[in-house]
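A closer look at the structure
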Amino acid sequence: WRPGLLHKVVLDPAGSDKQFNPSGRPPTVLPGLRSSLHARYSPRDWHHANMVQLKGAEASRYCSGRLNADSMRLMQNKDQLTYQMQEDSRRNLGERISNIDFWRSELIYELECLLKETQALETAKQRLERAADEMQGPLKVALECLYLREMRKGIDLVHDDVEKNLIKEVDVFKDCQEILTKLAQKINQQLGINRDAQHALEQDLSDKNSACFIDEKCFNLKNTSNSINFYHGVEKADGTVSIPATWAKFSEDNIRCSQHARANSAKLREDAEVRLESSSEETWNHFISTNLAFNNRIAEVADAKNKLQAQLAKILQEIFQTEDTIMLLERSIKAKEYPLKVAQTRLEGRTKRPNIELCCDAPQLQLVTEVYTIDDTLQTLKRRLQEAHDTLQMLILNKSNLEHDISVKANSFFIDKKCMDMRKVFPSTPRLIGY
């Protein structure tokens, strides 16, 4: 049944090209208009919608009845719950006050112990600083001795036991000063840690006092108290920063931190005491060892100087004898020149013999041998004279060296004696351990 469409077909204008159908049957529906008939609800959809509406109304009615029945039970339960919750809160406040009192006593005891330990650590730090200052004097003396011994001359600038001991002594003094200073710095850092722990304990104790006052005030509140009032939304503004476990752990951590600081402080005080005693003993041992090396070196220098002076006297005697030998050699050479002149003159004269008379006879051979022998003798004497001159120069050089060495030894002896005079004063053991 398509009334709308049939109406449109019947009212088709007369100017259309299609002819009227005499049989009276409606024309075929156009494809473009057929899709509009499928947008309507079916009977099945209608029945389903009614069923859904009925079920929804039944469910609402059932929920309403159940709600009314539960509301009466809820009011009774909430009244009882409110009273019970108030009692539980009051009991919890009482337990909380007891817990706060316990931790307050623990904090007070730990704070007293920490203050005593901090005071003892301050004393140890002052002793370390005084001991480090006391070592400055011996250190300057040792350095001055090293600088003075640099004024030694020549071969006496030797890296001897005295210098080794002085260098080691300077290193020991510097190392002891550095160790004591570093230990004092560690103690200073530990004092800062102790003060931080003290501040944490004091702050925690102050907070515990404030919290105890507030909780006692809350514990004494009742429904008939005058100071109660509405504070709407206060339960939503959760300003808590801890739970009971973390709250107790906070004070426990503060106490543990303080105990750890006290343990470290006690260990540092023990280390300081041991370090002060060992430094004092070590510095004294090196001081004595260096003085012993000085005494040995002074004896060695004095002995070497005496030996050099004895050797100088022998060298002077040898120089005198060598000069006599040179004088005799020069005379001997001078004496050999005339026989050589005679022999050479004879040979020269015999070269003027005429013709056959130039004979290699016995006199000729003897004269040639004589000239060679005298010339060889002169060469030997001249070489020996040169050796004597060289020996004399060597002796003179040795004499100069011995005189120089004697002056060097005298200078070294004077310097070491001066150093020993400077080393007569050394800090006492009580001063070296900081008293």
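Cut-offs and rules
Residues numbered from 1 in each chain as written. Predicted model: local features only at pLDDT ≥ 70, side-chain atom pairs only at ≥ 80, totals over all residues. Heavy atoms only, no water. UniProt positions renumbered as here; feature names shortened; annotations may be inferred. Helix = DSSP H or I, 4+ residues; strand = E, 2+ residues; numbered from the N terminus. Contact = heavy atoms within 4.5 Å. Areas by Shrake-Rupley, 256 points an atom, 1.4 Å probe, with all protein chains shown as cover. Salt bridge = Lys/Arg side-chain N within 4 Å of Asp/Glu carboxyl O. Buried < 20%, exposed > 50% of the residue type's maximum accessible area, 1.4 Å probe, protein only. Axes fitted to C-alpha atoms, helices over the stretch in contact; angles between N-to-C directions. Parallel < 35°, antiparallel > 145°, perpendicular 65-115°, else oblique. Phe/Tyr/Trp six-rings, centres within 6.5 Å; stacked < 30°, edge-to-face > 60°. Lys NZ or Arg CZ within 6 Å of the ring centre and 35° of its normal. pLDDT = per-residue confidence, 0-100. Polar contact = N/O pair within 3.5 Å; in protein donor to acceptor, adjacent residues only side chain to side chain. Expected span 1.5 Å × (residues − 1). Left-handed = near helix turned anticlockwise from the far one by under 90°.

Looking at an unreviewed UniProt entry, one finds the chain named Tektin and attributed to Charadrius vociferus. Listed in UniProt under the heading Subunit (unreviewed entry), the comment for the chain reads: "Microtubule inner protein component of sperm flagellar doublet microtubules. Interacts with TEKT3." The chain has a UniProt comment under Sequence similarities (unreviewed entry) that states "Belongs to the tektin family."

Details of the overall build of the chain
Secondary structure assignment for the chain yields eight helices and zero strands. Start at the N end of the chain and walk to the C end: the helices and strands fall as α-α-α-α-α-α-α-α. A separation threshold of at least 6 residues defines the contact pool for the chain, and within that pool the share at least 24 residues apart is 89%. Accessible surface, the chain: about 30600 Å² in total, of which carbon and sulfur atoms supply 57%.

Notes on the pattern of salt bridges
Inspection of the entire model under this criterion finds 26 salt bridges. The partner of glutamate 252 in a salt bridge is arginine 256, with the nearest N and O atoms 2.7 Å apart. In this pair, glutamate 252 and arginine 256 are both assigned in helix H6 (residues 244–350), four residues apart and thus about one turn of the helix distant. Here lysine 424 and aspartate 421 are joined by a salt bridge, their closest N and O atoms 3.6 Å apart. Overall, aspartate 421 belongs to the partly exposed group, its relative accessible area being 47%. Taken together, the shared-partner salt bridges connect Arg149, Arg152, Asp160, Glu163, Arg297, Glu300 and Asp416 into one network.

Examining the packing of helix H4 (residues 136–149) against helix H7 (residues 362–422)
At a minimum axis separation of 10 Å, H4 and H7 run at an interaxial angle of 170°. Comparing their axes, H7 and H4 come out roughly antiparallel. Of the residues in H7, those touching H4 at Val141, Glu144, Cys145, Leu148 and Arg149 are Ile415, Asp416, Lys418, Cys419 and Met422.

Considerations on the packing of aromatic side chains
Summed over all chains, the structure comprises two aromatic pairs. Both rings, one in phenylalanine 102 and one in tryptophan 103, keep their centres 5.2 Å apart while their planes meet at 70°; by these two values the pair is edge-to-face. With 5.9 Å between their ring centres and 90° between their planes, tryptophan 284 and phenylalanine 287 make a pair best called edge-to-face. On the criterion of helical spacing, the pair formed by tryptophan 284 and phenylalanine 287 is a turn pair, its members being three residues apart in helix H6. Here the basic side chain of arginine 90 rests over the ring of phenylalanine 219, its NZ or CZ set 4.2 Å away from the ring centre. One residue, arginine 96, lies across the ring of tryptophan 247, its end atom 3.5 Å from the ring centre.

What about the confidence of the model for the chain?
Across the chain, pLDDT averages 84, with 89% of residues at or above 70. Per-residue pLDDT, averaged within each element of the chain, yields its smallest value for helix H1 (residues 3–10) (46) and its largest for helix H5 (residues 161–219) (92). A low-confidence stretch, residues 1–20 (pLDDT under 50), is modelled with six contacts involving residues beyond four sequence positions or located in other chains.

Thoughts on the environment of arginine 384
Within the fold, arginine 384 resides in helix H7. The class for arginine 384 is partly exposed, based on a relative accessible area of 48%. Separated by 58 residues in the primary sequence, arginine 384 and isoleucine 326 place their C-alpha atoms 8.9 Å from one another.

Describing the UniProt feature "coiled-coil region" (unreviewed entry) in the chain
Here, UniProt's "coiled-coil region" (unreviewed entry) annotation points to residues 298–325 and 378–405. The distance from the first to the last C-alpha atom of residues 298–325 is 40 Å, and the span holds 100% helix and 0% strand. Helix makes up 100% of residues 378–405 and strand makes up 0%, while its end C-alpha atoms are separated by 39 Å.

Describing the side chain of glutamate 117
Topologically, glutamate 117 is positioned in helix H3 (residues 43–134). Within the structure, the side chain of glutamate 117 is placed 3.3 Å from the backbone nitrogen of alanine 266, a separation counted as a polar contact. Here glutamate 117 is in contact with Arg262, Ser265, Ala266 and Arg269, once residues within four sequence places are set aside.

A short note on H4
In this model, H4 (14 residues) spans 20 Å end to end at C-alpha, consistent with the 20 Å of a helix rising 1.5 Å per residue. Among all positions of H4, only Pro138, Leu139, Ala142, Cys145, Leu146, Leu148 and Arg149 are buried. Residues of H4 that are buried make contact with H3, H5, H6 and H7.

As for the environment of threonine 283
Among the structural elements, threonine 283 can be located in helix H6. Given a relative accessible area of 0%, threonine 283 falls into the buried group. Considered as a pair, threonine 283 and valine 170 are 113 residues apart in the sequence and their alpha carbons are 9.6 Å apart. At a separation of 2.9 Å, a polar atom in the side chain of threonine 283 contacts the main-chain carbonyl oxygen of serine 280.

Examining the side chain of glutamine 190
With respect to the secondary-structure elements, glutamine 190 resides in helix H5. Residues within four places of glutamine 190 in sequence aside, it is in contact with Leu121, Ala261, Asn264, Ser265 and Leu268.

Some words on the packing of H4 against H5
Between H4 and H5, the shortest axis-to-axis distance is 9 Å and the interhelical angle comes to 150°. Here H5 runs roughly antiparallel to H4, going by the angle between their axes. Of the two possible hands of crossing, H4 and H5 adopt the one that is left-handed. Residue-level inspection shows Gln136, Pro138, Leu139, Ala142, Leu143, Cys145, Leu146 and Arg149 of H4 in contact with H5, the latter providing Val162, Glu163, Leu166, Ile167, Glu169, Val170, Phe173, Lys174 and Gln177.

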